[in-house]
Amino acid sequence: MSIYPQPALALVREMETAALAQPQRAVALQGAPGCNGHRAALEYDADCLPLPCFAFEDALDAVKEGRADRAIIPIENSQHGRVADIHFLLPESGLSIVGEHFMGIEHALMALPGEAGPFTRAYSHPQALGQSRRYLRARGIVPMAYADTAGAAALVRELGEPDACAIAPILAAKLYGLDVIEQNVEDAADNTTRFVVLAREPLDPFELRGSKAMTTFIFEVKNIVAALYKALGGFATNGVNMTKLESYQIGSSFAATTFYADIEGAPGDPRVDQALQELAFHCKYVRPLGTYLQARSRG
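Rules of the game
- Residues numbered from 1 in each chain as written.
- Predicted model: local features only at pLDDT ≥ 70, side-chain atom pairs only at ≥ 80, totals over all residues.
- Heavy atoms only, no water.
- Helix = DSSP H or I, 4+ residues; strand = E, 2+ residues; numbered from the N terminus.
- Buried < 20%, exposed > 50% of the residue type's maximum accessible area, 1.4 Å probe, protein only.
- Contact = heavy atoms within 4.5 Å.
- 1 Å grid on protein atoms, 1.4 Å probe; cavity = no way out; pocket = protein on both sides within 12 Å on 5 of 7 lines; lining within 4 Å.
- Points joined across faces, edges and corners; volume = space filled by probe spheres on them.
- Nonpolar A, V, L, I, M, F, W, Y, C, P; charged D, E, K, R; others polar.

What follows covers the side chain of His-282. The topology assignment puts His-282 in the loop between helix H10 (270-281) and strand S15 (283-293). Residue His-282 is classed as buried on the basis of its relative accessible area of 17%. Beyond its immediate sequence surroundings of up to four residues, His-282 is in contact with Val-221, Lys-222, Ala-227, Lys-230 and Ala-231.

This is the structure in structure tokens:
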């Protein structure tokens, strides 16, 4: 906890005490109070008790250890792509995806009370800095990476330096006593982040039959010619829509590529079962990460 900026510590302690008293209501998130994960947790479940954690690993550990019932983690952004390391952390966590949440992202530039610039540097999470890249570049403001958006706002308050600013949700400015210099500094008006909700136990896919569901899994194809082409063919022939396919490397050989995929549908649907069976035939392994209700249509 000592790695949070001082202005955030009291809020972190208060929220942590409340969450630990009722872990069945606690939702772990990465970041200081006021971050986008905080907003997402309350949007997903208004009755939850947000549990701030400094790192993604800490949020996942809170669920594994029973200090929180669920975690809500950003996985990808419409403007800046996938969130770094998440594809590695999810499989390693042993947790299951039980839901998803899409949230519009609105970044604000904030600074010490009474300061209006010029600013030489802006602190924020790398994702937020990337999503505001053109705005910062046009004003000659140097981006400075920090662990999360709201933590960056607390850091600016702690530093007390008039040429420093932060990019964070407006909620962070209210919590840490900063002035909002400008709202909506993100480069794209439709900036959206997709969060996934993780729990210790998976949902039963058969209970989701008849509903619009998503299934997420990872796989590694056999190291033979056209293995990926053959492995994916079953989804086309069985009419299963694959909405996401990403590759990433594990280890240093660069020969074993792991793929992360989302499909529409759930095991128990004959089309999905057949497609997954054909996939498995061409793979070294297929590992499910969860089946859950769609938060919005992929159409």
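Next comes the rest of the account.
Turning to the layout of surface pockets, a few remarks are in order. To find leftover empty space, one rolls a probe the size of a water molecule over the atoms. Considering only enclosed or pocket space, the largest pocket measures out at about 250 Å³ in volume. Elements with a contribution of two residues or more to the lining of the largest pocket: strand S12 (213-221) and S15. Residue contributions to the lining of the largest pocket peak at six residues, all from S15. Of the residues contributing to the lining of the largest pocket, the split by class is ten nonpolar, five polar and one charged. For the second largest pocket, the calculated volume is near 150 Å³. The wall of the second largest pocket is formed by 14 residues, among which Ser-211, Gly-265, Ala-266, Asp-269 and Arg-271 lie closest to the centre. Here the residues of the lining of the second largest pocket sort into five nonpolar, five polar and four charged.

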